[in-house]
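Coordinate inspection notes
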Amino acid sequence: AKPVKKSTTQPENLLILINTMDNIDVDDFFNLDLESIFEEGSWDDLNLSSSPPGGHVSNSNPSIPELTGIGSGRSADNASGVAPFSTTPLLSATPRPGGDINGPQLVSTSTCTSIYRSQDTGIKVIDQSQSTSSNVQQTIQKLLHEETVSKRLLSQCNNHRQVIEVSSFNGSPALYFKWENGITCKEWLDKVHQIHPQIVEFNVRLRAAMAISKTLSQFHQCSVTYNSLSPENIVLTPLEGDYVAKFIDLSDAVICNDEQIFKEMMAVDLTSLGLIFDQLFKAEGGGGEAYSAAAAAGGDNAGGLTNSRRVSIVSDGGEEEVSDHNRNVRKRGKQRAPGEGLPLYLGAMISALLINGDDNDASQLRYKSANDVYEDLKAMVAHSSSHHQSSSLREADFDNDVTIHSRLKFPKDLFYGRQVQMSMILHLLQSSTMLGDQPMMALIAGYPGTGKSTLVNQVKKPLADKNGFFIEGKFDVSVRPDKVLASALDSFFASINASNAGQNTYMSMRWRINDAVGSGVSCLFDVIPSLRKFMNDSTEVDRTEGRNIGGNLMGQRLKYMFCKLIGAISCRSTPLVLVLDDLQWADKMTLGVIRMLMIDPDIHYFLFLGCYRENEVNESHMLSANLNDIREQGINFMTIKVGAIEKESVNALISDVLCLPPSLCRPLSTVVHQKTGGIIMFVRRLLISLNDEGLVWYSLSSHRWMFDLRKIEVKEMSEDVVKHMT
């Protein structure tokens, strides 16, 4: 049966759709407008007289029609958790103007309570005939307690079933509450598993998880723990592209005034949250295996865990087996680990929620608050579209070098923080490529290992988007400095020659070089061999002049021709960025070329970026003298200081490398930042060293990276790090 199309005049069609869910086209179902499905009034204005299957208790008052289906004001107090779906034909489903016919409607019953609904108000009624006097008194106390908790939460949290008052209903004690529209998390999961779990997109589940963790965080901010959180007690409602999660049935919630007790009770809530997430993100049907295991061990209500029923996933003993097919690891005789088969980031989050808090070592690796979980989920949403992080956030597999051999894998470009410095460079790039009226220059100064070169490399992509060229060279104490600029230009022309571009693609550049350099271009062929091929020149070169490169005879001439050649490469259609690294080792001729480039009025659409070690250049250094000469020529340039990165940036780096949520990395990143001073090179070296020594390792049993924080804290640092720090 195909689903009934959306209609604003026939809300009863929605229940018909859900009752026939097993036979509908699942693609059509998930193409429905979920916002309209949850629209208020779609489910509430129904008068249903059918009797549900499954042993539902009949209403003793025949004048009150029964309501079955998916109303969400039901309590988790009843025996089945929620009212079951009705599969019998609808006898009457006519919308009623006031939302009420013949008084309140019975929604569900349990041994000692019944749930009614009257318009926007729900009523939990104690059935005194089914209970002893002492049980009735205990239940009344629970109703009063629920009212107290609801009032406590109203100050900061509206995402709960709000209690109106505790009064009476037909002579029986009753709790009146605001009816919450939506669908319980359990109903949603059950129906998803019956249809096809992979149809529900990952982002949909992620938004639901964020809503649940946000509500739990709001509870904890009010010093209230839910204490028995389970999918049956969570009502999900879509709102403006996201979800709102409201918790119903506050009878087991606890107001904690003692800090230690509050921490212990929060740990119980976080464990329950991990079990719910394990179900929510489960790729296979039937619910989460961790949740099922907890239910089998602890009774019917798997959400209400005590310390003795928490799932521990940290274990180093036992024999492990590795499957070549999917590299899933299981210990013999033990169940599949929570979070297994999920993206590593998400699997680590679930395992951290389920770590046994009684283990002192493992407690360092578990969540301390629901707000941390919420913030990490937000970070996952923010980064899920990022190219360099998409695999770690969305794919369950990692390469063998990581999972089997426990080797860290660093991003190719370790760029973290530096937003201010990056914006300054991008502003210069924008000015040089858009205006181009004069050459522009910036110097990047910093200590070794601070990431100067990585910062400069960030201009490659925006420059490529403008069809620009990027030429880079690096001075080294082991290489003749007068060869660096020529080598950089040779590599540039070699890359052009090796490209698949046709002969006519760079014709205009050849014309510009001929016009700028003239016949003198031939004397550059010896120092820039790739230039000859680019210019399609087969004439013989007099090499007697080339042997004197750097000498007094050819120095001035070469500086002039280097300057004109670089100027000919850059133009409005192909702007140029020239980068020279480690200028503290540059020679006099190259520094002279830089000065000539900056004062040449014929050079346009050109940006020079130079990097140097701040600690090796003083006022008497040759670089300082040349920079002063440039200033005296009236040329302004910018000096950008690059230092240590902040602790949060170190945390972001470690989070990416270990594929762990940021909150779980914070203890480790704090220690790493203290030991390295935030110098990116030292951070990388330290992490590699910790991995080599087994203090940071990939756990095959837990399916996440682990670390021994106590041993890392007492680890001694190398001499170069100590020297830098002092």
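Residues numbered from 1 in each chain as written. Predicted model: local features only at pLDDT ≥ 70, side-chain atom pairs only at ≥ 80, totals over all residues. Heavy atoms only, no water.

This part covers the overall build of the protein. When its secondary structure is counted, the protein shows 27 helices and 19 strands. Contacts in the protein between residues far apart in sequence, at least 24 positions, make up 72% of those at least 6 positions apart. Accessible surface for the protein amounts to roughly 32800 Å². Of this, 48% is attributable to carbon and sulfur atoms. (Helix = DSSP H or I, 4+ residues; strand = E, 2+ residues; numbered from the N terminus. Contact = heavy atoms within 4.5 Å. Areas by Shrake-Rupley, 256 points an atom, 1.4 Å probe, with all protein chains shown as cover.)

Among the nonpolar cores identified, the biggest contains 84 residues, and I212, I234, F277, V373, L653, I654 and L658 are the most heavily contacted of them. Those residues in contact with L653 that sit more than four places away from it in its chain are L414, Y416, I680, V683 and L687. Grouped together as the second largest cluster of nonpolar side chains are 57 residues, Y506, F534, I566 and L597 included. (Core = buried A, V, L, I, M, F, W, Y, C linked by side-chain atoms within 4.5 Å. Buried < 20%, exposed > 50% of the residue type's maximum accessible area, 1.4 Å probe, protein only.)

Further remarks concern the sheet that holds strand 3 (residues 121-126). Within the open sheet, the five strands sit side by side as 1-2-3-5-4. Their pairing is antiparallel. Of all the strands in the sheet, just strand 1 (105-109) and strand 4 (163-169) have a single pairing partner and so form its edges. Here the average twist between neighbouring strands, direction ignored, is 25°. Pairing geometry for strand 1 and strand 2 (residues 113-118), over four bridges, is antiparallel. Within the sheet, the bridge partner assigned to L106 lies in strand 2 and is Y116. The strands that helix 4 (residues 133-153) touches are strand 2, strand 3, strand 4 and strand 5 (172-178); relative to strand 4, the one it contacts most, it runs at about 155°. (Pairing = 2+ DSSP bridges. Axes fitted to C-alpha atoms, helices over the stretch in contact; angles between N-to-C directions.)

As enumerated under the stated definition, the model contains 11 aromatic pairs in all. Summarising the aromatic geometry, the rings of F219 and F247 are spaced 5.2 Å apart at their centres and angled 50° between planes, so their arrangement reads as tilted. With F219 in helix 6 (residues 202-221) and F247 in strand 9 (residues 242-247), this residue pair connects regions lying 28 residues apart in the sequence. Here the two residues F219 and F247 agree in accessibility, since each one is buried. Seen in terms of ring centroids, F277 and F281 are 6.2 Å apart; in terms of plane orientation they differ by 90°. Their pairing is edge-to-face. What makes F277 buried here is its relative accessible area of 0%. Exposure remark for F281: the relative accessible area of 4% places this residue in the buried category. Chaining the aromatic ring pairs together yields one cluster made of F469, F492, F493, Y506 and F534. The positively charged end of R161 is found above the aromatic ring belonging to F177, 4.2 Å away from the centroid. A cation sits over an aromatic face here: R684 above F410, 4.8 Å from the ring centre. (Phe/Tyr/Trp six-rings, centres within 6.5 Å; stacked < 30°, edge-to-face > 60°. Lys NZ or Arg CZ within 6 Å of the ring centre and 35° of its normal.)

To continue, consider helix 17 (residues 484-498). Taking 1.5 Å of rise per residue, the 15 residues of helix 17 would be expected to cover 21 Å, and the 21 Å separating its terminal C-alpha atoms lies within 8% of that figure. Here helix 17 has its buried residues at V484, L485, A486, A488, L489, D490, F492, F493 and I496. (Expected span 1.5 Å × (residues − 1).)

What follows concerns the state of the cysteines. Within the structure shown, the criterion is met by zero disulfides. With no disulfide of its own, C157 has C222 as its nearest cysteine by sulfur position, at a separation of 6.1 Å. (Disulfide = S-S within 2.5 Å.)

An ideal rise of 1.5 Å per residue puts 28 Å on 20 residues; helix 6 measures up with 29 Å between its terminal C-alpha atoms. The element helix 6 is extensively covered by neighbouring structure, given that 15 of its 20 residues are classed as buried. Looking one or two places after helix 6, you find S223, whose phi comes out positive at around 60°.

With that settled, the discussion passes to the pairing of strand 5. Extensive coverage of strand 5 is indicated by the burial of six of its seven residues. Pairing of strand 4 with strand 5 involves six bridges; the strand directions are antiparallel. Bridging from a neighbouring strand, S168 pairs with P173 of strand 5. In this structure, the hairpin formed by strand 4 and strand 5 is closed by a connection of two residues, where N170 is found at a positive phi of approximately 55°.

Spatially, five strands are ordered 14-15-16-13-17 in an open sheet, and the strand pairing comes out parallel. One side of each edge strand has no neighbouring strand; the edge strands of this open sheet are strand 14 (469-474) and strand 17 (638-642). Ignoring strand direction, the axes of neighbouring strands in this sheet form an average angle of 15°. Looking at chain direction, strand 13 (residues 440-446) and strand 17 are connected through five bridges and run parallel. Paired with G446 across the two strands is V642, which belongs to strand 17.

A word on the packing of helix 7 (residues 259-280) against helix 11 (residues 370-383). At a minimum axis separation of 10 Å, helix 7 and helix 11 run at an interaxial angle of 30°. Each of L270, L273 and F277 in helix 7 lies in contact with helix 11, whose residues at this interface are A370, V373 and L377.

What follows deals with the pairing of strand 3. Within strand 3, five of the six residues are buried, which leaves it mostly tucked inside the rest of the structure. Pairing of strand 2 with strand 3 involves six bridges; the strand directions are antiparallel. Along strand 3, the bridge assignment pairs S114 with V125. Sheet analysis places strand 3 next to strand 5, joined by five bridges and oriented antiparallel. Counted as the bridge partner of I123 is Y176 from strand 5.

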